[in-house]
Amino acid sequence: MNMQEFKDFIKKLEQLLAHDGIDEVSYKLFILRNLPEEHKNEASLSDIFSKSSISLLIEDGEQIINIGRGDSYIIGGDPVDFTDFRERYIEIFKEWEVRGWIKIDRNSDGAIKISTIE
């Protein structure tokens, strides 16, 4: 999936999410599995996602990174453990920080707090 196809699909999914046509778990899973590498070439995060989607990803990613594990679900009959996406969140957030889209503050205990810059 190229970047334009991804952005077009995300816009549709965001509408479905807003009207309970898709659940948050499936939405986040789609992003984590399909976010193209070339997303880092966009001018800003808001060129890809809505503010509510950005907040959702940051909130979920912070929790998984800080706690070290995520929730588990059954989706389409298959088990999905969001703990498996901890490294993916770290990879995404590092790229977003390099691009100047977010700021990652690290506490003395190693916990992170992410804020958007846009």
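Residues numbered from 1 in each chain as written. Predicted model: local features only at pLDDT ≥ 70, side-chain atom pairs only at ≥ 80, totals over all residues. Heavy atoms only, no water.

(A) Local environment of the nonpolar core. Judged by nonpolar contacts, the single largest core of 34 residues is most densely connected at F6, F49, F93 and W96. Every element with two or more residues in this core is listed here: α1 (3-18), α2 (24-34), α3 (51-67), α4 (86-98), β3 (102-106) and β4 (112-116). Every residue in contact with F93, bar those within four places of it in the chain, is listed here: L57, I58, G61, E62, I65, I102, I104 and I114. (Core = buried A, V, L, I, M, F, W, Y, C linked by side-chain atoms within 4.5 Å. Buried < 20%, exposed > 50% of the residue type's maximum accessible area, 1.4 Å probe, protein only. Helix = DSSP H or I, 4+ residues; strand = E, 2+ residues; numbered from the N terminus. Contact = heavy atoms within 4.5 Å.)

(B) Representation of unusual backbone geometry within the structure. The backbone of D20 sits at a positive phi, close to 60°, despite the residue not being glycine. Its place among the elements puts D20 in the loop between α1 and α2. Among the residues examined, D20 registers a relative accessible area of 73% and is labelled exposed.

(C) How the structure looks around the side chain of R88. Within the secondary structure layout, R88 lies in helix α4. At 2.6 Å, the side chain of R88 forms a polar contact with the side chain of E91. Look past the residues within four positions of R88 in its chain and what remains in contact with it is L32 and L35. (Polar contact = N/O pair within 3.5 Å; in protein donor to acceptor, adjacent residues only side chain to side chain.)

(D) Just the packing of aromatic side chains, in detail. Summed over the entire model, instances satisfying the criterion amount to seven aromatic pairs. Considering the side-chain rings of F6 and F49, the 6.2 Å spacing of their centres and the 90° angle between planes classify their relative orientation as edge-to-face. Of this pair, F6 sits in helix α1 while F49 sits in the loop between α2 and α3; the two residues are 43 residues apart in sequence, bridging distant segments of the chain. Judged by its relative accessible area of 1%, F49 falls in the buried class. Centre to centre, the rings of F82 and F85 are 5.6 Å apart; their planes meet at 45°, and the pair counts as tilted. F85 carries the same exposure label as F82, and that label is buried. (Phe/Tyr/Trp six-rings, centres within 6.5 Å; stacked < 30°, edge-to-face > 60°.)

(E) Highlighting the pattern of salt bridges. Enumeration over the complete set of coordinates arrives at eight salt bridges. With a closest N to O distance of 3.0 Å, E42 and K7 form a salt bridge. Within this pair, whereas E42 is found in the loop between α2 and α3, its partner K7 is found in helix α1, the two being separated by 35 residues in sequence. Each member of the pair, E42 together with K7, is buried. E62 is paired through a salt bridge with K113; the nearest N and O atoms lie 3.9 Å apart. With E62 in helix α3 and K113 in strand β4, this pair connects stretches of sequence that are 51 residues apart. (Salt bridge = Lys/Arg side-chain N within 4 Å of Asp/Glu carboxyl O.)

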